[in-house]
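# Structural description and commentary
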There are 2 protein chains.
Amino acid sequence: MSEAETRSSGPRLHGRPEAIVALLRRRTGLLESSAGDDALAEVDAELQARLDELHPADLADVLEALPLEDRLAVWQRVKSDQDGEILLEVSDSVRESLIADMDDREILAAVEPLDADELADLVDDLPTEVLPELMASLDAQERERVQAAMSYEDDQVGALMDFDMVTIREDISLEVVLRYLRRFDELPAQTDKLFVVNNESVLTGVLPLHWLLVNSPDKMVHEIMAPDVNTFRPEDDAYDVAQAFERYDLVTAPVVDANMHLIGRIAVDAMLDFIREESETEALSRGGLREEEDIFASVWKSVRNRWAWLAINLVTAFIASRVIGLFEHSIEKLVALATLMPIVAGIGGNSGNQTITMIVRAMALEQVGVSQVRRLWRKELGVALFNGVVWGGAIGVVAYLLYGSASLGIVMTAAMTLNLLLAAFMGVGIPMLMVKLGRDPALGSSVLITAVTDSGGFFIFLGLATLFLL
Amino acid sequence: MSEAETRSSGPRLHGRPEAIVALLRRRTGLLESSAGDDALAEVDAELQARLDELHPADLADVLEALPLEDRLAVWQRVKSDQDGEILLEVSDSVRESLIADMDDREILAAVEPLDADELADLVDDLPTEVLPELMASLDAQERERVQAAMSYEDDQVGALMDFDMVTIREDISLEVVLRYLRRFDELPAQTDKLFVVNNESVLTGVLPLHWLLVNSPDKMVHEIMAPDVNTFRPEDDAYDVAQAFERYDLVTAPVVDANMHLIGRIAVDAMLDFIREESETEALSRGGLREEEDIFASVWKSVRNRWAWLAINLVTAFIASRVIGLFEHSIEKLVALATLMPIVAGIGGNSGNQTITMIVRAMALEQVGVSQVRRLWRKELGVALFNGVVWGGAIGVVAYLLYGSASLGIVMTAAMTLNLLLAAFMGVGIPMLMVKLGRDPALGSSVLITAVTDSGGFFIFLGLATLFLL
């Protein structure tokens, strides 16, 4: 059991940041009113006591929830032996603000207690001048591990693995294994199995801890170990590995190289973090945010974080606007076109986003490949035709009632149907094409489909109107 | 170690559905060409061999990736002792298609080997006529557990817990515990700790398995157990519990009632599934899909799954259209307004979605509460003002160059700035109001903000133009 579990008594963290903010406010109030030192000392003591009892992950949360000045006030009071753990837990932007507040000596002291895999996660965010001294303080194996972990992408197993494994030989008895384990004060967190290796440190199997308990101590390791086991490579895609953890209910798994040499281990806590981060990144990028934003960041930082997406959107909106510009003569003659055109574009965008969301998801789950494109087109075009006739028909009737022109209603229905068909065609086609080009089908898919259905919708509706109504 | 781990040798599942589809195709081809029975038998044997070696979770994946006719062909060939596990793993819509293909006898045989918590997950999808017989086949404790698990919402701990716990007394020695464990053939999957209870089955602590290994066998349980432990209640929100698992790197945790009576356990595999499903549901609802869609569902089923969102979108688009309708006279006089207005609305929508995404996320992580609304408004309005002046200025210059009217350019810049300010104001305000009203701030937030910035953008731009240009 980790220290964390024995220290904290439940998940009910609600209100903790607020309680700490309230204390900080009271403290500022006392300072300003120049109240007695006793009152101040009391508040300080309570603040310190509250901070001391928090787990580093909870402290990280508190720090993220505080505006900069309060954040640094709390950061100064945090026990220095937790500094490294907290830096690991906070978001990138908050980490930056905390590190900016530390001098080189404090930084080195904070990160030295960390494991190699944890150091590798932090190194990129540390000031370059501390790196030589930090690296010099590590032994050769540690240094090698840090460099190995840093050589992988964030979404590869190599960047997520740790080195907290317990290895045993296969030619010993469980009795000997039990005696060996008793020499540890504590096994590494989340250890659910021991890794069995031979003389060349090639992985030959695994021994779940509880098999040690249910089997007789005089059995040999090789008799009871599981020889055929889920192993991963450092270069494996973490997304696939997370699926394997979910599928096979794994807690830890060995990481090996091409020759089955044991390199490290991957644990379910890293997978939980990874899945959570993935879904956050997805949510952020859909919203057009480049990275997680410190909610109390300056206006200028927020502007930089968001500008790329806005610029893309400006370009697509401008293109759509120029499409309308082609038909200004038609709009001058029949102003109802200007009123009705956003409906055609909007519904097309909505419907196209539905299709593309579903296809991208099915692709991520590998339920569908490029080979099935025809089948999917058939289905999605069918849905679009149905919706076009029904919803487009309804809107056509409304247009007729508003403007008293049956032909305007018919053009409206036809344009909606055609734009929905376009949305369905591109909603299937865009992700398929992305995959064929070796790109991530999720990235920017929503922007692309909306751009197509906006410009397409305006073109189809105004074009049909120009042909048939004027 | 679970059966799964020993059976499957890695996460590399790519191509498995395709391989099985290819075999099904070859089989159909052979049947049509009335080739020799030998060839057919060979294909059948290979198909069966491939299916037999798959883990239920992988089979579930294969079934989801197949069109209906192939899916049922594979389903018939799956070993019946895996049926229940597979039904648990597939998505709701695919489960429906599989159950529709089974008679009552097959269904009962499939679900009877399942645990109470698994049964509770399936019961809602089973035909009502099998339920009496199913319930009668359970013993009293099992029946009670199924009913208990069914009484909780999908996002409460009670619906996610299982009953696979090993309990011990605190007044015995580790020696006795070890002897007790040796009577098991296998401990429940993911067991990382034993739960310590007293005579009244009140939880008094936990004993991590590996403490059994590193401590001397003659110590007593109460000497070494961790008394202060993360416990959860069945009515706890699973989202909070998932955060606790992530924070404290838990593998399992006890579930207790208000009097600390041990009820069940919650394990990290259930948490992984929950987080994954949460992020999927979020992605789907953003796309306007009511539920996970069987990618090979009929056109009609897809239409039903998607109609609600389309209908909402139609209403908001119609409202925006009527706002434009108010200014038809202005557009008749100056048709450039019709061309430029979608830019104002589009950029406002994009920017508002950025703000609301960030706020909703920070609220979910409890980094920000209603008390900070002023601070957030100040910052977001600052960002909006900056973007309005810069991007709005750029677009104003373009409008001037296109139409040769400086006043049109100024109106464009002013309208963009005002709509961005509106987007920022509502982007903070909408989720805050939702929380005050006790609603989920994520639900429909994107639709709402887009509706506001569309109608608002048209109104602001056309209104300003009517006032100052005509």
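This structure is a prediction, so every number in the text was calculated from the model and none was measured. (Residues numbered from 1 in each chain as written. Chains lettered and ligands numbered in written order. Predicted model: local features only at pLDDT ≥ 70, side-chain atom pairs only at ≥ 80, totals over all residues. Heavy atoms only, no water.)

## A look at the overall build of chain A
Summing up its helical and strand segments, chain A has 23 helices and five strands in all. A compact globule built from 470 residues would reach a C-alpha radius of gyration of about 23 Å, whereas chain A, at 30 Å, exceeds it by more than 25%. In terms of overall dimensions, chain A has a C-alpha envelope of 90 × 75 × 40 Å along the principal axes. The buried share of chain A, reckoned over its 470 residues, is 56%. Of the contacts made within chain A by residues no fewer than 6 positions apart, 66% connect residues no fewer than 24 positions apart. By element, 54% of the accessible surface of chain A is carried by carbon and sulfur atoms, the whole surface being about 19,700 Å². Here chain A holds 38 positive side-chain charges and 76 negative ones, and the gap between their average locations is 7 Å. (Helix = DSSP H or I, 4+ residues; strand = E, 2+ residues; numbered from the N terminus. Rg over C-alpha atoms; globule rule 2.2 N^0.38 Å. Buried < 20%, exposed > 50% of the residue type's maximum accessible area, 1.4 Å probe, protein only. Contact = heavy atoms within 4.5 Å. Areas by Shrake-Rupley, 256 points an atom, 1.4 Å probe, with all protein chains shown as cover. Lys, Arg positive; Asp, Glu negative; His and termini not counted. Charge placed at Lys NZ, Arg CZ, Asp CG, Glu CD.)

## Observations regarding a negative patch on the surface
Together, A:Asp121, A:Asp124, A:Glu153, A:Asp154, A:Asp155, A:Asp237, A:Glu277 and A:Glu278 make up a region of like negative charge exposed at the surface. As for its position among the elements, A:Asp237 is in the loop between helix 15 (221–224) and helix 16 (238–248). (Patch = residues over 30% accessible without salt bridge, like charges linked within 9 Å, V, L, I, M, F, W, Y side chains within 5 Å. Salt bridge = Lys/Arg side-chain N within 4 Å of Asp/Glu carboxyl O.)

## A few points about the UniProt feature "transmembrane region" (unreviewed entry) in chain A
Taking the UniProt record as the reference, the feature "transmembrane region" (unreviewed entry) is found at residues 307–327, 381–403, 409–435 and 447–469 of chain A. Within the segment residues 409–435 of chain A, helix and strand shares are 100% and 0% respectively, and the terminal C-alpha atoms sit 39 Å apart. (UniProt positions renumbered as here; feature names shortened; annotations may be inferred.)

## Topic: the nonpolar core
Counting residues in each nonpolar core, the largest one holds 127 residues, and the members touching the most others are A:Phe245, A:Ile266 and B:Phe245. If you look at the next biggest cluster of nonpolar residues, it comprises 72 residues, including A:Ala317, A:Phe327, A:Leu337 and A:Ile460. (Core = buried A, V, L, I, M, F, W, Y, C linked by side-chain atoms within 4.5 Å.)

## Observations concerning the relation of the copies chain B and chain A
Rotating chain B by 180° and translating it 0.0 Å along the rotation axis places it on chain A, where the RMSD comes to 0.1 Å. The symmetry that links the two subunits is that of a two-fold axis. Most of the interface of chain B is mirrored in chain A, where 99% of its interface residues again form contacts. (Least-squares fit on C-alpha atoms with pLDDT ≥ 70 in both.)

## Notes on the sheet that holds strand 2 (residues 193–197) of chain B
All names here are of chain B. Pairing is mixed across the open sheet formed by three strands, whose spatial order is 1-2-3. Both outer strands of the open sheet, strand 1 (167–169) and strand 3 (203–208), are each paired with one neighbouring strand and no more. Averaged over all pairs of adjacent strands, the angle between strand axes in this sheet comes to 35°, irrespective of strand direction. Examined bridge by bridge, strand 2 and strand 3 share five bridges and lie antiparallel to one another. In the sheet register, Val197 faces strand 3, and the bridge partner there is Leu203. Set on the sheet, helix 13 (residues 174–182) makes contact with strand 1, strand 2 and strand 3; between it and strand 1 the angle comes to about 150°. (Pairing = 2+ DSSP bridges. Axes fitted to C-alpha atoms, helices over the stretch in contact; angles between N-to-C directions.)

## Details of helix 8 (residues 104–111) of chain B
Residue and element names in this part refer to chain B. Considered for burial, the residues of helix 8 that qualify are Ile107, Leu108, Ala110 and Val111. The buried residues of helix 8 occupy an angular sector of 160° when the element is viewed end-on, so they sit on one face. Exposed residues lying more than 90 degrees from the buried face of helix 8 are Arg105 and Ala109. Those residues of helix 8 that are buried are in contact with helix 6 (83–89), helix 7 (92–99), helix 9 (116–122) and helix 10 (131–136). The opening residue of helix 8 is Asp103, an N-cap whose side-chain oxygen sits 3.1 Å from the backbone nitrogen of Arg105. (Arc of directions from axis to C-beta. Polar contact = N/O pair within 3.5 Å; in protein donor to acceptor, adjacent residues only side chain to side chain.)

## Describing the interface of chain B and chain A
Contact with chain B, which involves 141 residues of that partner, is made by 142 residues of chain A. Between chain B and chain A we count ten salt bridges in total. A:Arg247 is the partner of B:Asp61 in a salt bridge, and the nearest nitrogen-oxygen pair spans 3.1 Å. Counting across the interface, chain B meets chain A through 22 residue pairs in polar contact (both at pLDDT 80 or more).

## Observations concerning unusual backbone geometry
Residues and elements named next belong to chain B. Non-glycine residue Ser201 carries a positive phi angle of around 50°. Residue placement: Ser201 occurs in the loop between strand 2 and strand 3. For Ser201, a relative accessible area of 34% gives the class partly exposed. For Met260, which is not glycine, the phi dihedral falls at a positive 65°.

## Here we look at helix 13 of chain B
B:Leu174, B:Val177, B:Leu178 and B:Leu181 are the residues of helix 13 of chain B that are buried. The buried residues of helix 13 of chain B occupy an angular sector of 100° when projected down its axis, which confines them to one face. Contacts made by the buried residues of helix 13 of chain B are with helix 14 (209–214) of chain A together with strand 1, strand 2, strand 3, helix 14 (209–214) and helix 15 (221–224) of chain B.

## As for the pairing of strand 3 (residues 203–208) of chain A
Every regular strand shows the same layout, with side chains that alternate between the two sheet faces. Counting buried residues in strand 3 of chain A gives five out of six residues, a clear majority hidden from the surface. The antiparallel pairing of strand 2 (residues 193–197) of chain A with strand 3 of chain A creates a hairpin that spans five residues between the two strands, and A:Ser201 there sits at a positive phi of about 50°.

## What about the sheet that holds strand 3 of chain A?
Residue and element names in this part refer to chain A. One open sheet holds the three strands; their spatial order is 1-2-3, and the pairing between them is mixed. Two strands lie at the open edges of the sheet, namely strand 1 (167–168) and strand 3, each paired on one side alone. Looking at chain direction, strand 1 and strand 2 are connected through two bridges and run parallel. Bridged to Ile168 within strand 2 is Val196.

## So, the environment of A:Asn305
Residues and elements named next belong to chain A. Structurally, Asn305 is set in helix 18 (residues 299–325). The exposure class assigned to Asn305 is buried, which follows from its relative accessible area of 6%. A sequence separation of 171 residues divides Asn305 from Leu134, and the C-alpha atoms of the two residues are 31 Å apart.

## Let's talk about the pattern of salt bridges
Residues and elements named next belong to chain A. Counted according to the given criterion, the structure contains 33 salt bridges over all chains. Linking Asp125 and Arg95 is a salt bridge whose minimum nitrogen-to-oxygen distance equals 2.5 Å. A residue pair is termed long-range when its members are at least 10 positions apart, and Asp125 in the loop between helix 9 (116–123) and helix 10 (131–136) and Arg95 in helix 7 (residues 92–99) qualify at 30 residues. Exposure remark for Asp125: the relative accessible area of 33% places this residue in the partly exposed category. Of the charged contacts in the structure, one is a salt bridge between Glu133 and Arg105, with a shortest N-O distance of 3.4 Å. You can see Glu133 sitting in helix 10 and its partner Arg105 sitting in helix 8 (residues 104–111), a full 28 residues away along the chain. Through salt bridges with shared partners, a single ionic network connects Arg27, Asp44 and Arg77.

## Some details on the packing of helix 20 (residues 336–364) of chain B against helix 22 (residues 406–436) of chain B
For any two helices packed against each other, the geometry comes down to the angle between their axes and how far apart the axes lie. All names here are of chain B. For the pair helix 20 and helix 22, interaxial distance at closest approach is 8 Å and the crossing angle is 30°. Classed by the angle they form, the pair helix 20 and helix 22 counts as roughly parallel. Judged by the sense of rotation from one axis to the other, the crossing of helix 20 with helix 22 is right-handed. Grouping the constituent residues of the contact of helix 20 with helix 22 by class yields 23 nonpolar, six polar and no charged. (Parallel < 35°, antiparallel > 145°, perpendicular 65-115°, else oblique. Left-handed = near helix turned anticlockwise from the far one by under 90°. Nonpolar A, V, L, I, M, F, W, Y, C, P; charged D, E, K, R; others polar.)

## Examining the packing of helix 20 (residues 336–364) of chain A against helix 23 (residues 445–468) of chain A
Residues and elements named next belong to chain A. At a minimum axis distance of 8 Å, the contact between helix 20 and helix 23 shows a crossing angle of 145°. In the packing of helix 20 onto helix 23, the handedness of the crossing is right-handed. Of helix 23, the residues touching helix 20 (which contributes Leu337, Leu340, Met341, Pro342, Val344, Ala345, Gly348, Gly349, Gly352, Asn353, Ile356 and Val360) are Ser445, Ser446, Ile449, Thr450, Thr453, Asp454, Gly457, Phe458, Phe461, Leu462 and Ala465. Of the residues assigned to the contact of helix 20 with helix 23, the class counts are 13 nonpolar, nine polar and one charged.

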